[in-house]
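Listed below are the residues making up each chain.
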Amino acid sequence: YMASREIVALPAEAMTPAGGQALSFLAVVRSGIGLATDLYDLSIINCIRPELEDCHGKMSNSMNGTITSATTAGAIVGQLLFGCLADIC
């Protein structure tokens, strides 16, 4: 029974030295900050759109859709790129 208990370990304990719980907590905090900034970027475009219309004139529905789509596409590309970089480094 003792031998099987030594083999089974939590992933955080298996991958980190003593104090792994603090490192896991920091990883969760960093992920939360990244999520918050992504949400801010995706929601701020609706607040900025009237300013863009003041500077550049009335926008058509296709222009509004293009701006919103570009924001979402940029978020997806950024998530994939930084996810791959995080896996490599």
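Residues numbered from 1 in each chain as written. Predicted model: local features only at pLDDT ≥ 70, side-chain atom pairs only at ≥ 80, totals over all residues. Heavy atoms only, no water.

**Q** Sorry if this is basic, but what is going on with the overall build of the protein chain here?
**A** Within the protein chain, the regular secondary structure consists of four helices and zero strands. In sequence order, the protein chain lays out its α and β elements as α-α-α-α. The burial tally for the protein chain puts 7% of its 89 residues in the buried class. As displayed, the protein chain has an accessible area near 7,400 Å², and 69% of this comes from carbon and sulfur atoms. (Helix = DSSP H or I, 4+ residues; strand = E, 2+ residues; numbered from the N terminus. Buried < 20%, exposed > 50% of the residue type's maximum accessible area, 1.4 Å probe, protein only. Areas by Shrake-Rupley, 256 points an atom, 1.4 Å probe, with all protein chains shown as cover.)

**Q** Mind showing me how you'd approach the confidence of the model for the protein chain here?
**A** One rule of thumb: low pLDDT means the predicted coordinates there are not for detailed reading. Confidence along the protein chain averages 78 in pLDDT terms, with 74% of residues attaining 70 or more. Here helix α1 (residues 2-7) stands out as the element of the protein chain with the lowest mean pLDDT, 50, in contrast to helix α4 (residues 61-88), whose mean of 87 is the highest. (pLDDT = per-residue confidence, 0-100.)

**Q** Can you walk me through the side chain of Arg49 in this structure?
**A** Mapped onto the secondary structure, Arg49 falls in helix α3 (residues 20-56). Salt bridges are absent for the buried Arg49, whose nearest opposite-charge side chain, Glu53, sits at 6.0 Å. A distance of 3.3 Å separates polar atoms of two side chains, one belonging to Arg49 and the other to Asn46. Setting aside anything within four residues of it in sequence, one finds Arg49 in contact with Asn64 and Thr68. (Lys, Arg positive; Asp, Glu negative; His and termini not counted. Salt bridge = Lys/Arg side-chain N within 4 Å of Asp/Glu carboxyl O. Polar contact = N/O pair within 3.5 Å; in protein donor to acceptor, adjacent residues only side chain to side chain. Contact = heavy atoms within 4.5 Å.)

**Q** What is the right way to read a nonpolar patch on the surface from this model?
**A** On the surface, a cluster of nonpolar side chains totalling about 370 Å² of accessible area is made up of Phe25, Leu26, Val29 and Ile33. Looking at the secondary structure, you find Val29 in helix α3. On the accessibility criterion, Val29 (33% relative accessible area) is partly exposed. (Patch = residues over 30% accessible without salt bridge, like charges linked within 9 Å, V, L, I, M, F, W, Y side chains within 5 Å.)

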